[in-house]
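As a plain string of letters, each chain reads:
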Amino acid sequence: MNKQSKFLLICLLMVQLVVHAQQEITISGSVSDAEGAPLPGASIVVKGTTTGTQTDFDGNYSLSNVPADGTLLVSYLGFSSKEVQVNGQQAIDIILQEDAEALDEVVVVGYGEIKSKDLTSAITTVKSEELKATPTGQAMQALQGKVAGLQIVSNGSPGASPTVRVRGIGSYNTGASGPLYVVDGAFFDNIDFLNPADIATVSILKDASAAAIYGVRAANGVVLIETKSGSLNQKPEITYDGYTGYQVAQNVLKVANAEQFTTIALESGSAPDAQFILNAMQRYGRSRINPNVPAVNTDWYDEIIRTAPIQNHSFGVTGGGDNASYSIGANYFAQEGLLKMKNEYERFNLRSKIDFQVTDRFRIGANAVLSNATRFDPENSAWRQAYYAVPILPVLDPSNTAAEPVPYANAQDLGYRGGQNPFPTLEFSENRSKIRNVVANFFAEVDLVPDHLVFKTAYNHNFETIDTREVRLPYFIGNNFQREDASLFKRNITISNQIWDNTLTYSDQFGKHSVTVLGGTSFRDEAFDLIQARGLNFPLSGEEAYFIDQAQTIVEDDVRDGGAREYGFSAFSRVSYNYDGRYLLYGTFRADGTNKYQEKWGYFPTIGAGWVVSEESFMKDNGLFNFLKLRGSWGKLGNDKVPSSEGSITSEVVTTALGDTRYSGVLTNSDFTALKWEVTEEINAGISAVIFDNLSIEADYYVRDTEDAVIPVLRPLIPGSIRRNVGEIRNSGLELALTWNKRVSEDFSYQVSANFASLENEVLALGGQEFLDAGTAEFRQRSIIGGPIFGFYGREVIGVYQNDAEVQADPVAVANNLQPGDFKYRDLNGDGDITDDDRSVIGSFLPTYSFGFNFGLNYKGWDFSASALGQGGNKILNRKRGEVIFTNDTNIDRDFAINRWHGEGTTNSYPSAAGIRKGWNQRLSTYYVEDGDFFRIQNITLGYTIAAQKGLPETRIYLTAEKPLTVFDYNGFNPEVADGIDNQTYPIPAVYTMGVNIKI
């Protein structure tokens, strides 16, 4: 072959190679682990491009427009990333190996992140997948039963926030006992505006070591929330998640029906009550079944409760290229209430989050949430009215011709003192709040020294407006059962919170030493403005007249225009040290300055240590522990949700005569006290372990003392009290969380988890006082040193007098003119008499233990999950039952109607129908303070996923039952009562939904 022929052949080969290199092909295959189990959601990206995809539920993928000579980058959480050469192949199956380092999940902490294995603090993180199963508009509600030491008290009213407590209550100002919420760096007191579907992770910082970097805001725990983000080189993913369903009132309290009520009225021996029964029969007729009972038999709860719809629709797009990532979304949530009135909640959200890699060393990002919600609050007094309304009264009474605009029935027409009917309250009242939130965040981050020194500045601004409108329309049902004036109350609240954070983080590793040091400053500006007014007698032409300028009269006492502004500057630091993956040290320090208190600065240090025992040589190949860590911490936190001062300084001119001369002077009196923030000091000891590869264990014991608690102190020689920083409260307990994960085969896996928490709440000091009273004289609560905060304080019932002989044999019964069917009380001081000195703490509204269970399994396309929770040791004051002390001519619950004492031996726990009307039996006692223990099946979800195929998107269809069963003994709608006093608690509904999730 001559030279020309050789050269021509070489050129042809080169052209062929170039053509082949430029050829684009379609590749398909699967991604699995070393055992062949598929890895759904694994990322496959063509190196150097934005072309990529993810594996489906079965681990399969298909990727078009791939250069024949390209390289695939394959990654999956918990596995080592892998580069695969294409080399013209159109079918490539990829196997990834588990990466022990990657399995150490990163946990969000204040102003940074840390690997789970390096934690010395008590932090629990919940991912978005665990939140989505709960059909709710409030993100915190979805955490109920999932975190040891976190108490979530449900609220059934649409749009209402649940009560959230982390490790008990450490302040006498119970309104200041909620945690601090930090959403992408911004501070909030509640997160009602946030769509749960937008949340990526929720981290509960439970101990002082974890939360102290937030200083004066962290005494009640911190909830860190990260919203969803896109990823670099991520193929755009479009998702829709929506459900619709209905809510059903659970465990509706049964009250006495007409026959039971009639029996009780006649047994009471009250002549007026017997006459009222006759009046009802004369007005409305007699029952055909029992002619001695009125024909009307109204179940008032059944009349005011309805089945209510609920729906939610979320739409999102996430993705990213070489230098930018994005996540945008929209959400609509609507929920009607169980109460038959304008009682509903509607919220529309827009969200956008963008991160941009400007250069290799410079990054910027922005995040914005727009939330527009309208909430119509219930008239909760209707629950109380329905409890007391007599069943022999109908809803409507056509013979009540004087009533207008609707002929509602009036119990006064039967002789009762009150009108009782709850429907005028429901129909002629409206409570609307329009809540608008704009949350914006911007950050810039630069690597001053690559891989070592990073500077970050972040600005957060939350602007919120709350427009409240309360309308009360006039009605007339009867004398003393009317509303004469049309009333309109309006309030506008504007809140502007700004935070500017600057941090400098240095990290380095040398030999077996690893250290991270953070220093930073934070400036916050919180402004609050309020204006309100009330007008009377506006035109009744409809909503267009609901304006103050339409009112004939302005109520001057209800006009208010005010505001407040607080500034704060903080400096903080954190050091995290790790030696050889075995020995851990962690410390933070924060100095908080504020214009709120006269004591301008507070200092909050913390320190933590850990020992990873499993990394020691003597633990190698131990056959039991894959991971074992001992940890402990100490720290101080602050609570600035208490007022800055108490009392006042007054002066007056006084005149007196000495001899014949008149003298004048100024008398100054001061009970002013400058208050400061409360300080919480906490120690925590814990164990973290993984056993048999699958069982993870987290156990903690803590002691949390609130020092300088603000409490009322009696003033010497002057009536009344004044608050001072002299109280001390202790919360202590044990927390345990267990999780078992197991992949049985390629098609089948399951997970089981359980958590348990105990709580002991104890008053340690009251500023020299023996006790501190709360509540009312009839329903007394008392804090006693050594006892719980706000314990119910009353008498202990030890039985019921059964016959006259038993009454005559007891001097106490004789002295108090008691009869069979009256209570026996314990004589605590043994003086032979029953007085107020025989009262004691008979219970606390705080549970002494709580628990939760979660179970999930996956089989091929099917998924199933179930969760349960419960609590015990707490008490509930059944004030509805107890308020018989104020009136005797109302209805009573069916439990009493059935179990009342009505003859010797019938009961030793309930009084008689006559006895319940006596002051002796109406004293606060263990009869009115009931057990609050309960067990609930919290959630059951069944879903089926249809894998993407032939152009159809991946689709999951699911059914959910939320709170379908709650078991308890308490005589009320539900045992979840935030302060333990049940007077008009909104029912907690069971929610049944059907939903669909689509990914494109």
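Residues numbered from 1 in each chain as written. Predicted model: local features only at pLDDT ≥ 70, side-chain atom pairs only at ≥ 80, totals over all residues. Heavy atoms only, no water.

## Quick look at the pairing of strand 32 (residues 625-639)
The pairing of strand 31 (residues 601-612) with strand 32 spans 7 bridges and is antiparallel. Counted as the bridge partner of Val-612 is Lys-629 from strand 32. In terms of strand pairing, strand 32 meets strand 37 (residues 678-691) through 14 bridges, oriented antiparallel. Within the sheet, the bridge partner assigned to Lys-636 lies in strand 37 and is Glu-681. (Pairing = 2+ DSSP bridges. Helix = DSSP H or I, 4+ residues; strand = E, 2+ residues; numbered from the N terminus.)

## Description of the sheet that holds strand 50 (residues 875-878)
Across the sheet, 3 strands lie side by side as 51-50-54; this open sheet has mixed pairing. In this open sheet, the two strands that pair with only one neighbour each are strand 51 (929-931) and strand 54 (981-982). As paired elements, strand 50 and strand 54 share 2 bridges and run parallel to each other. Residue pairing for strand 54: Leu-877 is matched across the bridge by Ile-981.

## Some words on the nonpolar core
In this structure, Tyr-172, Tyr-301, Ile-304 and Ile-392 are the most contacted members of the largest nonpolar core, which totals 91 residues. With near-sequence residues (within four places) excluded, Tyr-172 lies in contact with Ala-709, Val-710, Ile-711, Ile-729, Val-763, Leu-766, Leu-772, Ser-783, Ile-789 and Phe-790. If you look at the next biggest cluster of nonpolar residues, it comprises 26 residues, including Val-108, Ile-213, Leu-224 and Leu-637. (Core = buried A, V, L, I, M, F, W, Y, C linked by side-chain atoms within 4.5 Å. Buried < 20%, exposed > 50% of the residue type's maximum accessible area, 1.4 Å probe, protein only. Contact = heavy atoms within 4.5 Å.)

## Examining the sheet that holds strand 47 (residues 840-843)
Reading across from one edge, 42-43-44-47 is the order of the 4 strands in this open sheet, with antiparallel pairing throughout. The open sheet is flanked by strand 42 (771-775) and strand 47, the only strands paired with a single partner. The average angle at which neighbouring strand axes cross in this sheet is 50°, direction not considered. The pairing of strand 44 (residues 791-794) with strand 47 spans 3 bridges and is antiparallel. Paired with Phe-792 across the two strands is Gly-843, which belongs to strand 47. (Axes fitted to C-alpha atoms, helices over the stretch in contact; angles between N-to-C directions.)

## Looking at the packing of helix 4 (residues 258-267) against helix 5 (residues 271-284)
How two helices sit against one another is set out by the angle between their axes and by the gap between those axes. Across the interface, helix 4 lies against helix 5 with an axial gap of 8 Å and an inter-helix angle of 145°. Seen from helix 4, the contacting residues are Phe-261, Thr-262, Ala-265 and Leu-266; seen from helix 5, they are Asp-273, Ala-274 and Ile-277.

## Re the UniProt feature "domain: TonB-dependent receptor plug" (unreviewed entry) in the protein
The feature "domain: TonB-dependent receptor plug" (unreviewed entry), as given by UniProt, occupies residues 117-222 in the numbering adopted here. Between the C-alpha atoms that bound residues 117-222 the distance is 21 Å, and the span itself is 8% helix and 26% strand. (UniProt positions renumbered as here; feature names shortened; annotations may be inferred.)

## Points about the environment of Ile-687
Looking at the element boundaries, Ile-687 is found in strand 37. When the C-alpha positions of Ile-687 and Glu-698 are compared, they lie 5.8 Å apart, and in sequence the two are 11 residues distant.

## Description of the pattern of salt bridges
By the definition in use, this model includes 53 salt bridges. Residues Glu-267 and Arg-900 are paired through a salt bridge, measuring 2.7 Å at the closest nitrogen-oxygen approach. Of this pair, Glu-267 sits in helix 4 while Arg-900 is found in the loop between helix 12 (894-899) and strand 51, placing the two residues 633 residues apart along the sequence. Look at Arg-900 and you get buried, because its relative accessible area is 8%. With its nearest N and O atoms 4.0 Å apart, the salt bridge here joins Lys-620 to Glu-615. Given the relative accessible area of 46%, Lys-620 is considered partly exposed. Relative accessible area serves as the criterion here: at 37%, Glu-615 is assigned to the partly exposed category. One network of salt bridges, in which partners are shared, links Asp-189, Arg-217, Arg-524, Glu-526, Asp-640 and Lys-641. (Salt bridge = Lys/Arg side-chain N within 4 Å of Asp/Glu carboxyl O.)

## A short note on a nonpolar patch on the surface
On the surface, a cluster of nonpolar side chains totalling about 810 Å² of accessible area is made up of Tyr-459, Trp-500, Phe-523, Tyr-567, Phe-569, Phe-589, Trp-601 and Tyr-603. For the nonpolar patch, the secondary-structure elements that each account for two or more residues are strand 29 (560-579) and strand 31. Examined against the element boundaries, Trp-601 turns out to sit in strand 31. On the basis of relative accessibility, which here comes to 38%, the residue Trp-601 falls in the partly exposed class. (Patch = residues over 30% accessible without salt bridge, like charges linked within 9 Å, V, L, I, M, F, W, Y side chains within 5 Å. Areas by Shrake-Rupley, 256 points an atom, 1.4 Å probe, with all protein chains shown as cover.)

## Thoughts on the packing of aromatic side chains
Tallying each qualifying case throughout the model produces 33 aromatic pairs. On the basis of an interplanar angle of 75° and a centroid distance of 5.6 Å, the ring pair of Phe-538 and Tyr-546 is categorised as edge-to-face. For the pair shown, Phe-538 and Tyr-546 are each scored as buried. Arranged with centres 4.8 Å apart and planes meeting at 75°, the rings of Tyr-927 and Tyr-928 form a pair that is edge-to-face. Accessibility classification places Tyr-927 together with Tyr-928 in one group, the buried group. Ring pairs connect the aromatic residues Phe-823, Tyr-825, Tyr-910, Trp-920, Tyr-927 and Tyr-928, which therefore count as one cluster. A cation over a ring is seen here: Arg-782 above Tyr-793, with NZ or CZ 4.2 Å from the ring centre. The ring of Tyr-825 is capped by Arg-795, whose NZ or CZ atom sits 5.2 Å from the centre of that ring. (Phe/Tyr/Trp six-rings, centres within 6.5 Å; stacked < 30°, edge-to-face > 60°. Lys NZ or Arg CZ within 6 Å of the ring centre and 35° of its normal.)

## Overview of the side chain of Arg-469
Considering the arrangement of structural elements, one finds Arg-469 in strand 23 (residues 453-472). Residue Arg-469 is classed as buried on the basis of its relative accessible area, which comes to 4%. Here the side chain of Arg-469 touches Glu-430 through a polar contact of 2.5 Å, side chain to side chain. A polar contact is formed between the side chain of Arg-469 and the side chain of Glu-543, at a distance of 3.1 Å. (Polar contact = N/O pair within 3.5 Å; in protein donor to acceptor, adjacent residues only side chain to side chain.)

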